[in-house]
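Given next are the chains, with one letter for each unit.
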Amino acid sequence: MKLSEQEAKDIALKKYNGKVVDVEYAMENNVPTYEFDIFVKDKGHEFEVEVNGLTGEIIETEIELYDIGLE
């Protein structure tokens, strides 16, 4: 039984209270995963949170930092 996107999103938002700006769904090592980019206003940047689609476990989190003006 896999988690719905909403269930996975709720798990990610419990860890980082912010606004989901992007969602991706992928298979990694035969495990369905949801990847959420969450903008946390208090911190001023986005966190990428990967949630295991089977267990609901947070697999990985990364801080997304952008160099504004360098594109």
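Keep in mind it's a predicted model, so treat the numbers as computed, not measured.

**Q** Talk me through the sheet that holds strand β2 (residues 31–40); I want residue IDs and the actual numbers.
**A** On the basis of which strands lie adjacent, the open sheet formed by 4 strands has the order β1-β2-β3-β4 and antiparallel pairing. Across the chains shown, the open sheet's two edge strands, defined by having one partner strand only, are β1 (19–28) and β4 (58–64). Averaged over all adjacent pairs, the angle separating strand axes in this sheet is 20 degrees, with direction ignored. As judged from the 6 bridges shared by strand β3 (residues 45–52) and β4, these two strands associate in the antiparallel manner. Paired with E46 across the strands is E64, a residue of β4. Where helix α1 (residues 5–15) meets the sheet, its contacts fall on β1, β2, β3 and β4, and the angle it forms with β2 comes to roughly 45 degrees.

**Q** Quick rundown of the nonpolar core? Include the residues and the values.
**A** With 11 residues, the main nonpolar core is built from L3, A8, A12, Y16, Y34, F36, I38, V40, F47, V49 and V51. Listing elements by their share of this core, those giving two or more residues are α1, β2 and β3. Excluding residues within four positions of it along the chain, A12 makes contact with F36, I38, V49 and V51.

**Q** Which residues make up the packing of aromatic side chains, and what are the values?
**A** In the structure shown here, the tally under the stated rule is 3 aromatic pairs. Considering the side-chain rings of Y16 and F47, the 4.1 Å spacing of their centres and the 15 degrees angle between planes classify their relative orientation as stacked. Of this pair, Y16 sits in the loop between α1 and β1 while F47 sits in strand β3, and the two are 31 residues apart along the sequence. There is no split in this pair, since Y16 and F47 are both buried. What links up through ring pairs into an aromatic cluster is the set Y25, Y34 and F36.

**Q** So, the confidence of the model for the chain: which residues are in play, and what are the values?
**A** Atom-level detail of predicted coordinates should not be read off regions where pLDDT is low. Across the chain, the average pLDDT comes to 90, with 90% of residues at 70 or higher. Highest mean pLDDT in the chain belongs to α1 (97); lowest belongs to β4 (90).

So, how was this worked out
- In this convention, every chain numbers its residues from 1, walking through the sequence in written order.
- Local features in this predicted model are restricted to residues of pLDDT 70 or higher, and side-chain atom pairs are both shown and tallied only at a pLDDT of 80 or more, whereas totals for entire chains, interfaces and linings draw on every residue.
- No hydrogens and no water enter the side-chain calculation; it runs on all heavy atoms of the structure.
- When DSSP finds two or more bridges between two strands, those strands count as paired.
- Comment: elements are numbered from the N terminus, with helices defined as DSSP H or I runs of at least four residues and strands as E runs of at least two.
- Angles run from 0 to 180 degrees between N-to-C directions of axes, and those axes are lines fitted to C-alpha atoms, restricted for helices to the stretch in contact.
- The contact criterion used is simple: two residues touch if any of their non-hydrogen atoms lie within 4.5 Å.
- We define a nonpolar core as any set of buried Ala, Val, Leu, Ile, Met, Phe, Trp, Tyr and Cys residues linked to one another through side-chain atoms lying within 4.5 Å.
- Throughout, exposure labels follow a simple rule: accessible area from a 1.4 Å probe, protein chains only, divided by the maximum for the residue type, with under 20% read as buried, over 50% as exposed, and the rest as partly exposed.
- Ring pairs shown here join Phe, Tyr and Trp side chains whose ring centres sit within 6.5 Å, with only the six-membered ring taken for Trp; geometry is labelled stacked below 30 degrees between planes, edge-to-face above 60, and tilted in between.
- Confidence scores here are pLDDT values: one per residue, from the predictor, ranging 0 to 100.

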